[in-house]
Amino acid sequence: MSMVPKSHPRYKSLLNRGKVVEAFESGILAKGGLIAHGRGETYDYLIGEKTPKAAEEAIKASAAMLLLAKNPVISVNGNSIALAKDELIDLATELNGKIEVNLFYRTTEREQKIKEFFEKNESNNENYKNNKIILLGIDDANKQMPNVDHLRGKVSEAGIYTADVVLVPLEDGDRAEALVEMGKQVIAIDLNPLSRTAQKSTITIVDELTRCIPLLTEEIINLKQKNLSNNELKQISEFDNKKALNKVLKLISDNITTE
Ligand code: ATP
Ligand code: MG
């Protein structure tokens, strides 16, 4: 992928595609993850490959919700790690450091590959090296989520099982729904405003993962600096998800309508 010149109009998209292919080849990503990525690319095209206004608002509400959380957990899978491992580490560092690996196709081999990817990756994020991250869901996934089949419902007690707010980049719809049924506030990142994940979550950020994670981290830092009260944060976290999703659908509809 280093072959792609920076001037290429699809540079960022091709770079991300390369990361996903590499992750597949190294065993971090399952085959199905490649297809999920392609679906995401399609929707990114439809929203104009930039963060929609509705997503900016969702990011702000999510930042406040995450700051108010007692036990926030960032749930990651093969796709999200392949695309944005370091960005997710930086985000977790601004929270309680908890990242939980939760795989659609969980195998011991993939779990170990992911652990290695975090531990001895070439970029070796400073925040990870400085032990600011608690990587959950690999050796300690011994609790079961209700209404989700066995392997996909395995979660960590210190993590998702007891979390009050869960950030789920690229989650599957039935798990997102099960998390909401467990009484959690669920923040999803999903380019498809029509997916069950997008529809069921408390807040859906309809934006591309690598574009919105740094924005979310920046917003958290920004809100921290303002020293707001819990009441003020609560107000910022109030969000009408249906309305926001409709705004994105309107954007897509405008984008594909020719005069
Ligand atoms: P659901 O189960 O929620 O109805 P789905 O089955 O259609 O969704 P999955 O294959 O479970 O979709 O998950 C892939 C989802 O991740 C898709 O909705 C896709 O738009 C989204 N996605 C893929 N790549 C990205 C990305 N880089 N950033 C944000 N979202 C992405
Ligand atoms: Mg699905």
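What you see is a predicted model; the values in this text were computed from it and never measured. (Residues numbered from 1 in each chain as written. Chains lettered and ligands numbered in written order. Predicted model: local features only at pLDDT ≥ 70, side-chain atom pairs only at ≥ 80, totals over all residues. Heavy atoms only, no water.)

(A) Examining the UniProt feature "binding site: ATP" (unreviewed entry) in the protein more closely. UniProt records the feature "binding site: ATP" (unreviewed entry) at R17, R39, D190, L191, N192, R196 and T197, using the numbering of this structure. Sequence-wise these annotated residues cover 181 residues; spatially they are dispersed, their C-alpha atoms as much as 24.1 Å apart. Within the secondary structure layout, L191 lies in the loop between strand 7 (185-189) and helix 9 (196-200). Exposure remark for L191: the relative accessible area of 11% places this residue in the buried category. Look past the residues within four positions of L191 in its chain and what remains in contact with it is G40, Y43, D44, I47, V206, D207 and E208. In this fold, N192 is placed in the loop between strand 7 and helix 9. By relative accessible area, N192 is classed as buried at 10%. In this structure, N192 is in contact with R39, Y43 and A198, ignoring residues within four places of it in sequence. Among the polar contacts made by the side chain of N192, one reaches the side chain of Y43 at a distance of 3.4 Å. (UniProt positions renumbered as here; feature names shortened; annotations may be inferred. Helix = DSSP H or I, 4+ residues; strand = E, 2+ residues; numbered from the N terminus. Buried < 20%, exposed > 50% of the residue type's maximum accessible area, 1.4 Å probe, protein only. Contact = heavy atoms within 4.5 Å. Polar contact = N/O pair within 3.5 Å; in protein donor to acceptor, adjacent residues only side chain to side chain.)

(B) Seen up close, the site of ligand 1. Taken together, 16 residues sit near ligand 1, with R39, D172, D190, T197 and E208 positioned nearest. Measuring from a nitrogen atom of ligand 1, one finds a side-chain N or O atom of E208 at 2.7 Å. Here ligand 1 loses 87% of its free accessible area of 620 Å² to cover by the protein chains. Among the elements of the structure, helix 2 (31-46) and helix 9 are those that each provide at least two residues to the shell around ligand 1. If you tally residues by element for the shell around ligand 1, the top one is helix 2, at three residues. Counted by class, the shell around ligand 1 contains five nonpolar, five polar and six charged residues. (Near = heavy atom within 4 Å. Areas by Shrake-Rupley, 256 points an atom, 1.4 Å probe, with all protein chains shown as cover. Nonpolar A, V, L, I, M, F, W, Y, C, P; charged D, E, K, R; others polar.)

(C) Main features of the packing of helix 1 (residues 11-25) against helix 2. At a minimum axis separation of 9 Å, helix 1 and helix 2 run at an interaxial angle of 170 degrees. Judged by the inter-axis angle, helix 1 sits roughly antiparallel to helix 2. Helix 1 and helix 2 meet at a crossing whose hand is right-handed. Across the interface between the two elements, S13, N16, R17, V20, V21 and F24 of helix 1 pack against K31, L34, H37 and E41 of helix 2. Taken together, the residues of the contact of helix 1 with helix 2 sort by class into four nonpolar, three polar and three charged. (Axes fitted to C-alpha atoms, helices over the stretch in contact; angles between N-to-C directions. Parallel < 35°, antiparallel > 145°, perpendicular 65-115°, else oblique. Left-handed = near helix turned anticlockwise from the far one by under 90°.)

(D) Up close: the side chain of R152. By secondary structure assignment, the location of R152 is in the loop between strand 4 (143-144) and strand 5 (154-155). Accessibility expressed as a relative area gives 7% for R152, which makes it buried. What R152 contacts, discounting residues up to four positions off in sequence, is L103, F104, D172, D174 and R175.

(E) How the structure looks around the packing of aromatic side chains. Enumeration according to the criterion identifies one aromatic pair in this entry. When the centroid spacing of 5.7 Å and the interplanar angle of 40 degrees are considered together, the rings of F118 and Y128 count as tilted. Taken as a pair, F118 in helix 5 (residues 108-119) and Y128 in helix 6 (residues 126-129) lie far apart in primary sequence, ten residues in all. The exposure classification of F118 matches that of Y128, with both residues buried. (Phe/Tyr/Trp six-rings, centres within 6.5 Å; stacked < 30°, edge-to-face > 60°.)

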